[in-house]
Amino acid sequence: MEGSTPRTRLGVILGIETSCDETAAALLTDDGRLLANIVSSQAELHSRYGGVVPEVASRHHLELLLPAVRQALHEAGAELSDVARVAVTQGPGLVGALLVGVSAAKALAWARRLPLVPVNHLHGHVASLFLAVSDTAPVQPPFLCLLASGGHTLLLDVRDHATFEVLGTTLDDAAGEAFDKGARLLGLGYPGGAAIDRLAKDGDSRGFSFPVGRVPGLDFSFSGLKTALLYAVRDLGEEETGKRRADLAASYQRAIVRALVERTQAAAESIGAERIAVVGGVAANSELRASLGGAAFAPLALCTDNAAMIASAARFVDPIAYPRYLALDAFS
Ligand code: KG4
Ligand code: ZN
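Because the structure is predicted, anything quoted here is derived from the model rather than measured.

Peer 1: An account of the coordination of the zinc ion (ligand 2) is needed here, citing residue identities and associated values.
Peer 2: Protein-derived coordination of the zinc ion (ligand 2) comes from His121 (NE2), His125 (NE2) and Asp305 (OD), at a distance range of 2.0 to 2.1 Å. Sequence positions of the donors to the zinc ion (ligand 2) reduce to the motif H-x3-H-x179-D. In this pair, histidine 121 is assigned in helix H4 (residues 121-127) and aspartate 305 in the loop between strand E10 (296-297) and helix H10 (308-314), connecting sequence segments 184 residues apart. Just as histidine 121 is buried, aspartate 305 falls in that class too.

Peer 1: Provide a residue-level description of the layout of surface pockets, including the pertinent values.
Peer 2: As a volume, the largest pocket reaches approximately 1100 Å³. Ser149, Gly150, Asp180, Tyr190 and Pro191 are the residues nearest the centre of the largest pocket, which is lined by 43 residues in total. Broken down by secondary-structure element, the contributors of at least two residues to the lining of the largest pocket are strand E3 (34-41), H4, helix H5 (175-185) and helix H6 (193-200). Here the lining of the largest pocket gets six residues from one element, more than from any other, and that element is H5. For the lining of the largest pocket, the per-class residue count stands at 16 nonpolar, 18 polar and nine charged.

Peer 1: Outline the packing of helix H2 (residues 54-76) against helix H3 (residues 95-111), listing residues and values.
Peer 2: Where H2 contacts H3, the two axes come as close as 8 Å, and the packing angle between them is 25°. Comparing the axis directions of H2 and H3 gives the class roughly parallel. For the pair H2 and H3, the crossing hand works out as right-handed. The segment H2 lies against H3, with Ser58, His61, Leu62 and Leu65 engaging Gly96, Ala97, Val100, Gly101 and Ala104. For the contact of H2 with H3, a count of residues per class yields five nonpolar, four polar and no charged.

Peer 1: Run through the site of ligand 1, naming residues and quoting values.
Peer 2: Around ligand 1, a shell composed of 19 residues is seen, among which Gly150, Gly151, Asp180, Asp197 and Asp305 lie nearest. In the environment of ligand 1, an oxygen atom lies 3.4 Å from a nitrogen or oxygen atom belonging to the side chain of histidine 125. With respect to ligand 1, the side chain of aspartate 197 contributes an N or O atom lying 2.9 Å from a nitrogen atom. Relative to its unbound accessible area of 560 Å², ligand 1 is 89% covered by the protein chains. A molecule is said to occupy a pocket when more than half its atoms come within 2 Å of that pocket's grid points, and by this definition ligand 1 occupies the largest pocket. Elements that contribute at least two residues to the shell around ligand 1 include exactly H4, H5 and H6. Split into classes, the residues belonging to the shell around ligand 1 amount to five nonpolar, eleven polar and three charged.

The rules we used
Residues numbered from 1 in each chain as written. Chains lettered and ligands numbered in written order. Predicted model: local features only at pLDDT ≥ 70, side-chain atom pairs only at ≥ 80, totals over all residues. Heavy atoms only, no water. Donors = N, O, S within 2.8 Å, 3.2 Å for Na, K, Ca; no water. Helix = DSSP H or I, 4+ residues; strand = E, 2+ residues; numbered from the N terminus. Buried < 20%, exposed > 50% of the residue type's maximum accessible area, 1.4 Å probe, protein only. 1 Å grid on protein atoms, 1.4 Å probe; cavity = no way out; pocket = protein on both sides within 12 Å on 5 of 7 lines; lining within 4 Å. Points joined across faces, edges and corners; volume = space filled by probe spheres on them. Nonpolar A, V, L, I, M, F, W, Y, C, P; charged D, E, K, R; others polar. Axes fitted to C-alpha atoms, helices over the stretch in contact; angles between N-to-C directions. Parallel < 35°, antiparallel > 145°, perpendicular 65-115°, else oblique. Left-handed = near helix turned anticlockwise from the far one by under 90°. Contact = heavy atoms within 4.5 Å. Near = heavy atom within 4 Å. Polar contact = N/O pair within 3.5 Å; in protein donor to acceptor, adjacent residues only side chain to side chain. Areas by Shrake-Rupley, 256 points an atom, 1.4 Å probe, with all protein chains shown as cover. Sits in = over half its atoms within 2 Å of the grid points.

Printed below as a string of structure tokens:
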């Protein structure tokens, strides 16, 4: 019945994202117009633990997801009957957290006999570039993509809207994780990337000489840098660390950004890429944005986890027809 109503023919995609500590729902038209993008961050809740507690995240996704979906529909002036497919992050991420989103997506799709689109979270981050938001135009593949987030640091050869090959990854911490661990050592709370970014503006980035991770090939390593900051803070002592916090933040940020920029440029050269793009939470970093001048960056609002990027990726993924998705599982 619903299939024949004019509203359903709008072809709205409902996107759902619950892979970590952001509970998110978005509505996107089939031709890529963003109608609503709701993100309920649990970051403050997890900050008292200094990081994401998986079980706590799952419980809060349960509470926050349906209100987020309702709010997205409200903001778009839409109803559930306008939704033509449901897209959801299947992985990678925290399995318990993912399962909340996958179960909700299945229920919503099944109840309305809609197709369901399982989306890879990494594809989602890349697809944040395919959205036209305010003054940024969609980025067209092919391009070399740096995906730097709290969970991943990847160099991707993006050939088209749905296909990418991994050229390099981190051997230990992700870039965002390095920011978060550094922020913790500097007493800046969790998540700390944005706090380091802000504080670094008042500091001297040459105040401390921190090692730039250089491993062979196109991979990254940030664990040595984190240890160097640990020792610097220990050697300075509490009072001196307090006085030089901005210099420490600026020098630490500079080492992370230099590693990211060097490897990204090397990767672009190795595949002869004419275009470089940057996505993920760390793509919000102001020094990284300034250091990779010619690169395309995901719109600021879509750097950290959101569901608009999941709906965006879904435009380029084959949907699973009703009701064959009922056994769909999440993956870590
Ligand atoms: O993409 P995202 O929301 O989550 C994952 O998929 O992991 O990225 C979150 C990460 C956190 O580590 C956070 O500290 C970092 O992105 N981040 C930043 C900035 N804003 C967020 N790192 C550096 N500078 C920023 N301005
Ligand atoms: Zn992410």
